[in-house]
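Listed below, chain by chain, are the residues.
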Amino acid sequence: MASKLLRAVVLGPPGSGKGTMCEKIARSFGLQHLSSGQFLRESLGGGVGVLAKQYLERGLLVPDHVITRVMMTELEKRREQPWLLDGFPRTLGQAEALDRICELDLVISLNIPFETLKDRLSARWVHPASGRVYNMDFNPPHVQGIDDLTGEPLVQREDDKPEAVAARLRKYKDAAKPVIELYKSRGILHSFSGTETNKIWPYVYTLLSSKIPPILSDEEN
């Protein structure tokens, strides 16, 4: 377990490799990887989850107030734990809600070129029940169109289809800009640019190592 109660966030547009980066950080530094998408899927059975389900099934972004309620509930349970947030906050409203329950130590922003994001998203297929993501170019399933673990069919989300990707990325950028500015003004934002997660990773590892002791070496990850 990390020796300090580090609270960190990884920001980045859809297709930027946030999930992969968070998994690497979590393994190397003993932080819990808290994914907003995972919490939303787990919440679908009750209360606020029923609201979220209506949006997820149509491939739409879940509104601020819904995802904020889900995330605040989960974070309240983890007041004494170090963690890493993935997919939250995406908007200024969400960032302000997060401020009310904790103080962030570190925000990592992934800057990936537009063309790279477009190509990654257009090649992305998902297993809806688990959230497992496949990329037909560099991480394809063993059998085309089928989830490796369950044998269930994969789907391409409406907003991953080529014609929807550009609008989706613009929407993300507009919403994320004030969030990035907020954390930049506090001196806790660290931006990393590149086209491959593995090439960005050593720089992220070095940054985190200056904050908390790693439990795995860079090469072990």
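Regarding empty space enclosed by the protein
Next, step 1: Enumeration according to the criterion identifies one cavity of 30 Å³ or more in this entry.
Next, step 2: When its volume is computed, the largest cavity comes out at roughly 30 Å³.
Next, step 3: Every residue along the wall of the largest cavity is listed here: Val10, Leu11, Gly12, Lys18, Gly87, Phe88, Pro89, Arg90 and Tyr172.
Next, step 4: When the residues that make up the lining of the largest cavity are grouped by side-chain class, the tally is five nonpolar, two polar and two charged.

Section: the packing of helix H1 (residues 18-29) against helix H8 (residues 197-209)
Next, step 1: Contact geometry of H1 with H8 gives a least axis separation of 11 Å together with a crossing angle of 40°. It follows that H1 is oblique to H8 by the angle criterion. Two packed elements cross with a definite hand, and for H1 against H8 that hand is right-handed. In this structure, H1 uses Thr20, Met21, Lys24, Ile25, Ser28 and Phe29 to contact H8, whose residues at the interface are Thr197, Asn198, Ile200, Trp201, Val204, Tyr205, Leu208 and Ser209.

A word on the packing of aromatic side chains
Next, step 1: Counted according to the given criterion, the structure contains two aromatic pairs.
Next, step 2: With a centroid separation of 5.3 Å and 45° between ring planes, the pair formed by Phe29 and Tyr205 is classed as tilted. Here Phe29, found in helix H1, pairs with Tyr205, found in helix H8; they are 176 residues apart in sequence, far enough to count as distant.
Next, step 3: Exposure remark for Phe29: the relative accessible area of 0% places this residue in the buried category.

Side note on the pairing of strand S1 (residues 7-11)
Next, step 1: With five of its five residues buried, S1 lies for the most part within the structure.
Next, step 2: Relative to strand S3 (residues 83-86), S1 runs parallel, the two being bridged by four bridges. In the strand pairing of S3, Arg7 is matched with Trp83.
Next, step 3: Here S1 pairs with strand S4 (residues 106-111) via four bridges, running parallel. In the strand pairing of S4, Val9 is matched with Val107.

A word on unusual backbone geometry
Next, step 1: Following Phe88, the chain continues to Pro89 via a peptide bond in cis, the omega torsion being 0°.
Next, step 2: Considering the arrangement of structural elements, one finds Pro89 in the loop between S3 and helix H5 (92-99).

Some details on the environment of Asn135
Next, step 1: By the secondary structure assignment, Asn135 is in strand S6 (residues 132-135).
Next, step 2: Relative accessible area serves as the criterion here: at 6%, Asn135 is assigned to the buried category.
Next, step 3: When the C-alpha positions of Asn135 and Asp119 are compared, they lie 9.9 Å apart, and in sequence the two are 16 residues distant.
Next, step 4: Other than its neighbours up to four places away in sequence, Asn135 contacts Arg120, Ala123 and Pro140.

Description of the nonpolar core
Next, step 1: In this structure, Leu85, Leu98, Leu104 and Tyr183 are the most contacted members of the largest nonpolar core, which totals 29 residues.
Next, step 2: Top element by residues in this core is helix H4 (residues 64-76). It accounts for six residues.
Next, step 3: Excluding anything up to four places from it in sequence, Leu104 contacts Arg7, Val9, Trp83, Leu98, Tyr183 and Ile188.
Next, step 4: Met21, Ile108, Phe192 and Leu208 belong to the second largest nonpolar core, which has 25 residues in total.

Brief notes about the side chain of His127
Next, step 1: For His127, the location among the structural elements is in strand S5 (residues 124-127).
Next, step 2: Among the polar contacts listed, one links the side chain of His127 to the side chain of Glu152, at a separation of 2.6 Å.
Next, step 3: For His127, the contacting residues outside a window of four places in its chain are Arg132, Asp147, Thr150, Glu152, Pro153 and Leu154.

Structural notes on the sheet that holds S4
Next, step 1: Sheet architecture is open: five strands sit in the order S2-S3-S1-S4-S7, paired in parallel fashion. Two strands bound the open sheet, and with one partner strand each, they are strand S2 (32-35) and strand S7 (189-193). Averaged over all pairs of adjacent strands, the angle between strand axes in this sheet comes to 20°, irrespective of strand direction.
Next, step 2: Relative to S7, S4 runs parallel, the two being bridged by five bridges. From the neighbouring strand, Asn111 faces S7, where its bridge partner is Ser193.
Next, step 3: Along the sheet, H1 makes contact with S1, S2, S3 and S4, crossing S3 at roughly 175°.

Cut-offs and rules
Residues numbered from 1 in each chain as written. Predicted model: local features only at pLDDT ≥ 70, side-chain atom pairs only at ≥ 80, totals over all residues. Heavy atoms only, no water. 1 Å grid on protein atoms, 1.4 Å probe; cavity = no way out; pocket = protein on both sides within 12 Å on 5 of 7 lines; lining within 4 Å. Points joined across faces, edges and corners; volume = space filled by probe spheres on them. Nonpolar A, V, L, I, M, F, W, Y, C, P; charged D, E, K, R; others polar. Axes fitted to C-alpha atoms, helices over the stretch in contact; angles between N-to-C directions. Helix = DSSP H or I, 4+ residues; strand = E, 2+ residues; numbered from the N terminus. Parallel < 35°, antiparallel > 145°, perpendicular 65-115°, else oblique. Left-handed = near helix turned anticlockwise from the far one by under 90°. Contact = heavy atoms within 4.5 Å. Phe/Tyr/Trp six-rings, centres within 6.5 Å; stacked < 30°, edge-to-face > 60°. Buried < 20%, exposed > 50% of the residue type's maximum accessible area, 1.4 Å probe, protein only. Pairing = 2+ DSSP bridges. Core = buried A, V, L, I, M, F, W, Y, C linked by side-chain atoms within 4.5 Å. Polar contact = N/O pair within 3.5 Å; in protein donor to acceptor, adjacent residues only side chain to side chain.

None of this, on its own, says anything about what the molecule does.
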